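Residue-level structure breakdown
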Amino acid sequence: MVIGLPKAMLYYRYKVLWETFFKELGCEIITSADTNRKILEDGIKYSIDESCLPSKIFMGHVYSLIGKCDYILIPQVVSYGYDNDVCVKFNAFYDIANNTFENINILDYSINVMEGEKEQKGFIKMGKRLGKSYFHSLIAYKKAKKAQALSDQLKSQLQADVLESNQMKLLIVSHPYITYDRLIGYPITEYIKKLGGLPIYADLINKKESLQRSKEISDSLYWIYNKELIGAIKLLEDKIDGIILLTAFPCGPDSLVNELIIRKSKKLPTINIIVDELQGEAGLQTRIESFMDIIQERLNQQERLNQKEINKKRIV
Amino acid sequence: MQKIISFPHIGNYYVPIETLLKLLFKDHTVISAPKITKRTLELGTKYSPDFVCVPFKYNLGNYIEALENGANILIQACGGCRYGYYAEIQEQILKDLGYQFEFIKITWGKFNPFEVYNLCKKIGTSLSFPKFIHYVLLTLKMIKVMDSFESYIRENIGFEMKKNSFETIHKQFLNELKHIHSFRQLNKLYIKYNQKLKKVKINKPNNCLKIGIVGELYSLMEPFCNFFIEKELAENNIQVSRFITVTFLLKKSRIEKKILKSAKKYLKYAIGADGTDSVEKGQMLAEDGYDGIIHIKPFGCTPEVNAMPMLQKISNDYKIPILFFSFDSQTSETGIKTRLEAFYDMILMRKEQERCKQLI
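Owing to the predicted nature of the structure, the values given are computational and were not obtained by experimental measurement.

Some details on the overall build of chain A
On a plain count of helices and strands, chain A comes out with 12 helices and 10 strands. For 316 residues, the compact-globule estimate of 2.2 N^0.38 gives 20 Å, and chain A sits close to it at 21 Å. Expressed along its principal axes, the backbone C-alpha trace of chain A runs to roughly 80 × 40 × 35 Å. When the 316 residues of chain A are sorted by exposure, 55% land in the buried category. Sequence separation of 24 or more characterises 71% of the internal contacts of chain A that already satisfy a separation of 6 or more. If you sum the accessible surface of chain A, you get close to 14800 Å²; carbon and sulfur atoms cover 51% of it. Positive and negative side-chain charges of chain A, numbering 43 and 40 respectively, have mean locations separated by a distance of 5 Å.

Structure representation (structure tokens):
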């Protein structure tokens, strides 16, 4: 049995969980290629033109997997509990793919904690559909969950070490499916690195902690993915030099949340970058370059002030 | 300080809402925001985030105009998709603009009678809880009556013998609705206007063109937002049906599973906010033999964009034309009118063709 994983959207959040689970069940896995122009073009062709960029890319990935595997995994996510919902786009991916493509074989599970559909239940159902027993799927799920937690912890530990460095640190507040996408986010982080900056990823922060801290920026926010991101701003506020809000056109939750961040968190220099499918690289690079120049100037100024104070003390 | 309460517009529902607030807060003043004009939208757009959906801009414009008129308590109800998060951002934007006011948010989690009563107490109502419930029920009934009248008018206004007869009655009705204080008065009003409406002479052919409108609730219910699309259609002698009303939304939570079940050919899961309804109603309209469907939404409305692939499939399966509109602050009226006219011509020709086939 071959399971296809589209390398878009929730893949970046659940990569280890999915891969371990299906491996434990004895399934083969194929992952779609990194996003490229062809995938994007296919995605645009098969989606409504007003959909957001990541969802178009997602459709491209799904299309590229058709015919190459027995099942394509598309989860449906609604809520992780009270006041912890997700963007409604995640509610509909299953039905959109099902209605857009003919002869597509989708493997789906649903997370809707408010309606009693927990993740574990969904995975066990999925296991049953693949012809595995209840216990086999349960054990596989538990193992996968552990592996995912371990990998998350490792990544956040690695990032914590990096935070001690002296380079200019820029917090990238953006959904993982934008940050790590080969076509949208990756060139930006690479460019920052090239200019001598250090990108810090908001989505790698310990999720439980950031969920709690998110209340300090917004008390009525109910999108869990956005909560985790804005919590990271509060957690790292003193350790970073600037914030890059990276979002895709026309992302619903980000359109409101980023506005709030810009209005509320005035301590650090912030830039709001909106990417769409017609992106030219030059314009983006200029913006990032000038943003980093501004931060560098701020840092230099601070250093000069510090130097002055030290000199004064010496004289005294 | 005297409290002046205000709230944003949506269609004609400002009448029952204003009546309710006036009954609840007898010691305070209640003003509805000034009617939506181009200025409202311009004000709202100026201070809104870039690609937020257009109801946000209308609401914000309403608030600014209400604040200019002296309001100092603003009410926003939330729930559903992005709409649930409007309140916090709008409050922040208005505060940054320098207005002094209190913002009352009725969030989804607090949408039970006790919480709402507590909120009202905070603003300052002198009513007891049973009385409060009584007035809320009265308002719900008012909305129900209003919706039933409006849906009758919508289906028949294109065929009235004497121009403007429906509109005059509707205006009178809304004016009288403002002075209702009890169920008995409301019943009387209902009987009176029901007779009046039924008396209006209409000339409706049996095979008239029928169009159903589905889509996002705000752009459906606020005629200014959809450039009076229903009126435009009625002028071309078309019977217009729409199901998304406040009455429907209020009972929706009870029949959500049923809706999903009847749309199971296209949907396995609920696709968020009103998307599920759009698909279900679209399928229903196609099965009922309507001549066309118009789907309207604000630009970037995620639930409705979710519903569009299914609607396109319905259009293919049932061979029914669907016209998609999306509205933003920049949409031009001429563009909409041209598209609407072309659509109308097309379904008219289709109908002619079908009749010719039958004759042969």
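Further notes follow.
Observations concerning the overall build of chain B
What chain B contains, in helices and strands, is 14 helices and eight strands. In terms of overall dimensions, chain B has a C-alpha envelope of 75 × 45 × 40 Å along the principal axes. Within chain B, the proportion of its 360 residues that are buried is 54%. Considering only residue pairs separated by 6 or more positions, chain B has 72% of its internal contacts joining residues 24 or more positions apart. Summed over all atoms, the accessible surface of chain B reaches about 16900 Å², with 54% contributed by carbon and sulfur. Positive and negative charge centroids in chain B, built from 52 and 37 side chains respectively, lie 7 Å apart.

Let's talk about the interface of chain B and chain A
On the side of chain A, 41 residues touch chain B, which itself brings 41 residues to the contact. Here Arg263 of chain A ties to Asp96 of chain B by a salt bridge, and the two come within 2.9 Å at their closest N and O atoms. At the surface where chain B touches chain A, the tally comes to 16 residue pairs in polar contact (both at pLDDT 80 or more). The element contributing the most residues to the side of chain B that touches chain A is helix α13 (residues 302-318) of chain B, with nine residues. Counted by class, the side of chain B that touches chain A contains 23 nonpolar, 10 polar and eight charged residues.

Let's talk about the sheet that holds strand β3 (residues 71-73) of chain A
Residues and elements named next belong to chain A. The strand order across the open sheet built from four strands is β2-β1-β3-β5, with neighbouring strands paired in parallel fashion. Pairing within the sheet leaves two strands with one partner each, and these edge strands are β2 (28-31) and β5 (106-107). As defined by bridge partners, strand β1 (residues 2-5) adjoins β3 across two bridges and the pair is classed as parallel. If you follow Gly4 over to β3, its bridge partner there is Ile72.

Regarding the packing of helix α2 (residues 38-47) of chain B against helix α3 (residues 54-68) of chain B
Residue and element names in this part refer to chain B. Taken N-terminus to C-terminus, the directions of α2 and α3 make an angle of 105 degrees; their axes are 7 Å apart at the nearest point. As summarised for this structure, α2 and α3 are arranged roughly perpendicular, according to the angle between their axes. Two secondary-structure elements touch here, α2 through Arg39, Thr40, Leu41, Leu43, Gly44, Thr45 and Tyr47 and α3 through Val54, Lys57, Tyr58, Leu60, Gly61, Asn62, Ile64, Glu65 and Glu68. By residue class, the composition of the contact of α2 with α3 is seven nonpolar, five polar and four charged.

Digging into the pairing of strand β8 (residues 197-201) of chain A
Among the five residues of β8 of chain A, five are classified as buried, and the element is accordingly described as predominantly covered. Going residue by residue along β8 of chain A, you find Gly197, Pro199 and Tyr201 of chain A tucked away on one face and Leu198 and Ile200 of chain A tucked away on the opposite face as well.

A few points about the nonpolar core
Among the nonpolar cores identified, the biggest contains 93 residues, and Ile3, Trp18, Phe21, Phe22, Leu73 and Phe90 of chain A together with Val279 of chain B are the most heavily contacted of them. Ignoring any residue separated from it by four or fewer positions in sequence, one finds Leu73 of chain A in contact with Ile3, Gly4, Leu5, Pro6, Trp18, Phe22, Leu107, Tyr109 and Met126 of chain A.

Some words on the domain arrangement of chain A
Residue and element names in this part refer to chain A. According to the domain assignment, chain A contains domain 1 (2-150) and domain 2 (163-315). Here domain 1 and domain 2 have C-alpha centroids that lie 29 Å from each other. Listed per partner, the contact involves 25 residues of domain 1 and 23 residues of domain 2. Approximately 2100 Å² of surface area, both sides summed, lies buried where domain 1 meets domain 2, with 62% of it carried by carbon and sulfur atoms. A per-residue breakdown of the area domain 1 buries against domain 2 is headed by Tyr12, Arg13 and Leu53, which together make up 28% of the total.

A look at the pairing of strand β10 (residues 270-275) of chain A
Residues and elements named next belong to chain A. A one-sided burial pattern is seen for β10, the buried positions being Ile271, Ile273 and Val275 and the unburied ones Thr270, Asn272 and Ile274. In this sheet, β10 lies alongside strand β9 (residues 242-248) in parallel orientation, the contact comprising six bridges. From the neighbouring strand, Leu245 faces β10, where its bridge partner is Asn272. In the classification by handedness, the crossover that spans β9, the intervening helix α11 (residues 252-264) and the parallel β10 is right-handed.

Comments concerning the pattern of salt bridges
All names here are of chain B. Under the criterion given, the structure shown has 36 salt bridges over all chains. Among the ionic pairs, Glu65 bridges to Arg39, the shortest N-O distance being 3.1 Å. Of the two residues, Glu65 is situated in helix α3 and Arg39 in helix α2; the sequence distance between them amounts to 26 residues. The exposure class assigned to Glu65 is buried, which follows from its relative accessible area of 6%. Look at Arg39 and you get partly exposed, because its relative accessible area is 42%. With a closest N to O distance of 3.2 Å, Asp328 and Lys57 form a salt bridge.

A look at the packing of aromatic side chains
Throughout the structure, instances matching the rule amount to 40 aromatic pairs over all chains. For the pair Phe227 of chain B and Phe327 of chain B, a centre-to-centre distance of 5.9 Å together with 50 degrees between the ring planes defines the contact as tilted. With Phe227 of chain B in the loop between α9 (217-221) and α10 (229-235) and Phe327 of chain B in strand β8 (residues 322-327), the pair connects residues that are 100 residues apart, well separated along the chain. A relative accessible area of 1% places Phe327 of chain B in the buried class. Members of the aromatic cluster, each reached through a chain of ring pairs, are Phe58, Tyr80, Phe90, Phe93, Tyr177 and Tyr225 of chain A. Directly above the aromatic system of Phe228 of chain B lies the positively charged group of Lys231 of chain B, at a separation of 5.7 Å from the ring centroid. One cation-aromatic arrangement involves Lys281 of chain B over Phe243 of chain B; the distance from NZ or CZ to the ring centre is 5.6 Å.

Parameters at a glance
- Residues numbered from 1 in each chain as written.
- Chains lettered and ligands numbered in written order.
- Predicted model: local features only at pLDDT ≥ 70, side-chain atom pairs only at ≥ 80, totals over all residues.
- Heavy atoms only, no water.
- Helix = DSSP H or I, 4+ residues; strand = E, 2+ residues; numbered from the N terminus.
- Rg over C-alpha atoms; globule rule 2.2 N^0.38 Å.
- Buried < 20%, exposed > 50% of the residue type's maximum accessible area, 1.4 Å probe, protein only.
- Contact = heavy atoms within 4.5 Å.
- Areas by Shrake-Rupley, 256 points an atom, 1.4 Å probe, with all protein chains shown as cover.
- Lys, Arg positive; Asp, Glu negative; His and termini not counted.
- Charge placed at Lys NZ, Arg CZ, Asp CG, Glu CD.
- Salt bridge = Lys/Arg side-chain N within 4 Å of Asp/Glu carboxyl O.
- Polar contact = N/O pair within 3.5 Å; in protein donor to acceptor, adjacent residues only side chain to side chain.
- Nonpolar A, V, L, I, M, F, W, Y, C, P; charged D, E, K, R; others polar.
- Pairing = 2+ DSSP bridges.
- Axes fitted to C-alpha atoms, helices over the stretch in contact; angles between N-to-C directions.
- Parallel < 35°, antiparallel > 145°, perpendicular 65-115°, else oblique.
- Core = buried A, V, L, I, M, F, W, Y, C linked by side-chain atoms within 4.5 Å.
- Domains from an automatic or database assignment.
- Buried area = accessible area lost by both parts, 1.4 Å probe.
- Right-handed = clockwise from strand over helix to strand, strands pointing away.
- Phe/Tyr/Trp six-rings, centres within 6.5 Å; stacked < 30°, edge-to-face > 60°.
- Lys NZ or Arg CZ within 6 Å of the ring centre and 35° of its normal.

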